[in-house]
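Fold and contact review
One-letter residues, chain by chain:
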Amino acid sequence: MTDAALKQEPVPEALEPELQRQVDACWQLARGHWSHFLLLGEPRAAKQGCALAHINLITRQVWFNARELREKQLLGSLEAVLAHEVGHHVRYPGSLGVSARLRMMEKTLLPLGDYSLLNVFYDLLINEQLGADEALRPQLIAIYRAFQKGYRWKQDPAFFFYLCVYEELWRLEPGHLLGPGSPGFTKRFPSARADAQLVAQNLFHLGPNVYTQFLYFLSICTRYVQPLKGEMPESTDPQACCKDEPRPEDWAEALTPGAREKEAVRRALAEGWLDDKDADRLVGKESRERRIAGLPGQGTANAEGVPEVMAAYYRQEAERHLLRPPDRLHLGEAVVPTTLDDWELGDALPSVDWLATLALRGDKLGAVLPLKRERIADYEGQDVPLWQPRVEIYLDVSGSMPDPRTTLNAMTLAAQILCVGAVRAGGWVRALLYSTNTVEYWTWCRSEREMSRFLMHYIGGGTEFPFERLADSVREQRGRQPTRVVITDRDFDENHDSQPGHARVFSEAAETSAPLVLLLHQPDPERVTKYRRQGARVAEVMELEDFPKVAAALAHALFQEERHVAL
């Protein structure tokens, strides 16, 4: 369980035996509305940290507030409450990846801070299915009527429109769910009833593409996102059901629009739910940059999660362009395997013992729950020859390079490809980021995640390549020189010529490295020839946005010394 998930967990409460028996009985019925074979733990009562009920989509734990249910006289609706939360697990949103993509779409079209229509959208899809059951519909109606005193239509007209949809869907008298605020809302929005009829008639037939359904829902519901003048809208929805925050990997996946999102946008354009401008913002050429700009906290003081998301994004992109850096013979400690343990996300992939995993857990369970085997020294101090890649990276993070936390940077991707490739091959990597100063991870590392986080650092000043550190590395490594990769642009030319000793250091590093690769953005052809004469392999990169070509240039430089390819 992640730290974020633990922080979101409410304080549990013990129930009296009679209520616990009711919960157990309702839980069996609630799951039956979706499937009896769901891998969900028993629901838990929350002493605090829970409004009425919610599910944490990270831990998949359902929580409910027994005190609130008693006070609102809703214990008779417990089956509907629990069935509703199971619906979030099974279908809407079903996964944090879908949640992240829908949030990205919403923030692109409705950039209103923390205000969101996603929860009422999920609830509407779930309750439409549950409300078809004659036994559950009265329970759902009772839940919304129990909170009528707290509804304030002027603060959140969109929520009142949402209640209108239920009145039309379940054929209730106008105002049955809206309560005392119904006359004022109807007077202010006389077309709300007709719009609600359209949503009740059309929304549920637009599936199974949830993105199409969401765009249609937004096209109508956003007409009612009209808070008091000068105020940001504030939700009055009493059922904030999904207590979760997508993981960095989920946000990273959502940065690139998927096929179903593009299909939804095409349908929305054809139907007139979107105009060309909004469609381009959602899935156009610059949509990824807009989504990066819309990451939670981006551009604010509370942006600590953005580097994690971008690090995950670069790891995912690196998976598509993996290469194995050249092996290098060096002396290492003789080791023997130890006992087996569960492999966890973030552990080095080479630590997985696949033979033991398949033998003990089979091909299906082993694929999701592999076993790792640590290794310890056979005899203390005994060294044996080992063939392993070792990669040393010098990455330019000066002002001429894009900030990898706010935009896509192919040079950072090249560094990430090298890190992942070396670690996956059982090797080691270390990196130095430089501008006018340096940021270093100079101990040999075997963690993909750790290195990807480190590569998100950015300085943004002038360009001063640390030739002194390069010279120190050549002396320090002596007979076990690693593969060295310098990732920079034309500013390197001036650094190279600024002092007579720099050319000597560069030539010595090129001679001893295995090999020394200079990845240059839009280089001067004459300088490329000069660096090659000094013994370096030069990979020429013309477009920073073209990830595949950058990866190909890097591969050619590492493995095809005689073939000079500019991409």
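My aim in this report is to walk through the structure given alongside it, one point at a time. (Residues numbered from 1 in each chain as written. Predicted model: local features only at pLDDT ≥ 70, side-chain atom pairs only at ≥ 80, totals over all residues. Heavy atoms only, no water.)

**Observations regarding unusual backbone geometry**
It is generally the case that most residues other than glycine have a negative phi and that most peptide bonds are trans. The criterion, for reference: Helical segments are the DSSP runs of H or I of at least four residues, strand segments are the runs of E of at least two, and each set is numbered from the N terminus. Under the scheme applied here, a residue whose accessible area is under 20% of the maximum for its type counts as buried, over 50% as exposed, and between as partly exposed, the area being computed with a 1.4 Å probe on protein chains only.
Of the consecutive residues Tyr92 and Pro93, the connecting peptide bond is found in the cis state with omega at 5 degrees. In the segment running from Gly207 into Pro208, the intervening peptide bond is cis, with an omega of 10 degrees. Counting through the fold element by element, Pro208 comes out in the loop between helix 10 (192-202) and helix 11 (210-221). Positive phi, close to 55 degrees, is recorded for Arg171, a residue that is not glycine. Checked against the element boundaries, Arg171 lands in the loop between helix 8 (157-169) and helix 9 (182-188). Judged by relative accessible area, which is 77%, Arg171 ranks as exposed. Here Gln522, not a glycine, exhibits a phi torsion of approximately 45 degrees, which is positive. The exposure class assigned to Gln522 is partly exposed, which follows from its relative accessible area of 39%.

**Re the pattern of salt bridges**
To be explicit about the condition: Any Lys or Arg side-chain nitrogen found within 4 Å of a carboxyl oxygen on Asp or Glu counts as a salt bridge.
One pass over the full model with this rule turns up 28 salt bridges. Close ionic contact of Arg424 with Glu319 constitutes a salt bridge, the shortest N to O distance being 2.4 Å. With Arg424 in helix 18 (residues 410-424) and Glu319 in helix 16 (residues 306-319), the pair connects residues that are 105 residues apart, well separated along the chain. A relative accessible area of 42% means that Glu319 is categorised as partly exposed. Salt-bridge contacts for Glu392 lead to Arg484; the nearest nitrogen and oxygen are separated by 2.9 Å. Here the residue Glu392 occupies a position in strand 9 (residues 390-396), and Arg484 occupies one in strand 12 (residues 483-489), the gap between them amounting to 92 residues. Summarising the burial analysis for this pair, Glu392 and Arg484 share the class buried. Several salt bridges share partner residues, and in doing so they unite Glu392, Arg430, Glu476 and Arg484 into one network.

**A look at the packing of helix 5 (residues 96-109) against helix 14 (residues 276-283)**
To keep it simple, the criterion reads: Axes here refer to lines fitted to C-alpha atoms; in helices the fit is confined to the stretch in contact. Angles between the N-to-C directions go from 0 to 180 degrees. Angles below 35 degrees are treated as roughly parallel, those above 145 as roughly antiparallel, those between 65 and 115 as roughly perpendicular, and all remaining angles as oblique. In a left-handed crossing the near helix is turned counterclockwise from the far helix by less than a right angle, and in a right-handed crossing that turn is clockwise. Contacts were defined at the residue level, with two residues in contact if any of their heavy atoms lie within 4.5 Å.
Two elements in contact, helix 5 and helix 14, have axes whose closest approach is 10 Å; the angle formed by their N-to-C orientations is 140 degrees. In terms of orientation, helix 5 and helix 14 fall into the oblique class. Viewed along their axes, helix 5 and helix 14 form a crossing whose handedness is right-handed. Contacts from Met105, Thr108 and Leu109 of helix 5 reach helix 14 at Asp278, Arg281 and Leu282.

**Some thoughts on the pairing of strand 13 (residues 516-521)**
Just so we agree on the cut-off: Here, strands pair whenever DSSP counts at least two bridges between them. A clockwise course of the path from the first strand over the helix to the second, judged with the strands pointing away from the viewer, identifies a crossover as right-handed.
Counting buried residues along strand 13, six of its six residues qualify, which places the element largely inside the surrounding structure. Neither face of strand 13 is left uncovered, since the one carrying Leu516, Leu518 and Leu520 and the one carrying Val517, Leu519 and His521 both have all their residues buried. Relative to strand 13, strand 12 is paired through six bridges, and the arrangement is parallel. Each bridged residue has a counterpart across the sheet, and for Ile487 the counterpart in strand 13 is Leu519. The sheet contact formed by strand 13 and strand 14 (residues 537-541) spans five bridges and is parallel. Paired with Leu518 across the bridge in strand 14 is Val538. In the classification by handedness, the crossover that spans strand 13, the intervening helix 23 (residues 525-533) and the parallel strand 14 is right-handed.

**Considering the sheet that holds strand 4 (residues 61-64)**
The mixed open sheet is built from four strands, whose spatial order is 1-2-4-3. Edge positions in the sheet fall to strand 1 (11-12) and strand 3 (53-56), since each of these pairs with one other strand and no more. Direction of pairing for strand 3 relative to strand 4: antiparallel, over a ladder of four bridges. Paired with His54 across the strands is Trp63, a residue of strand 4. Running at roughly 25 degrees to strand 3, helix 4 (residues 78-90) makes contact with strand 3 and strand 4 of the sheet.

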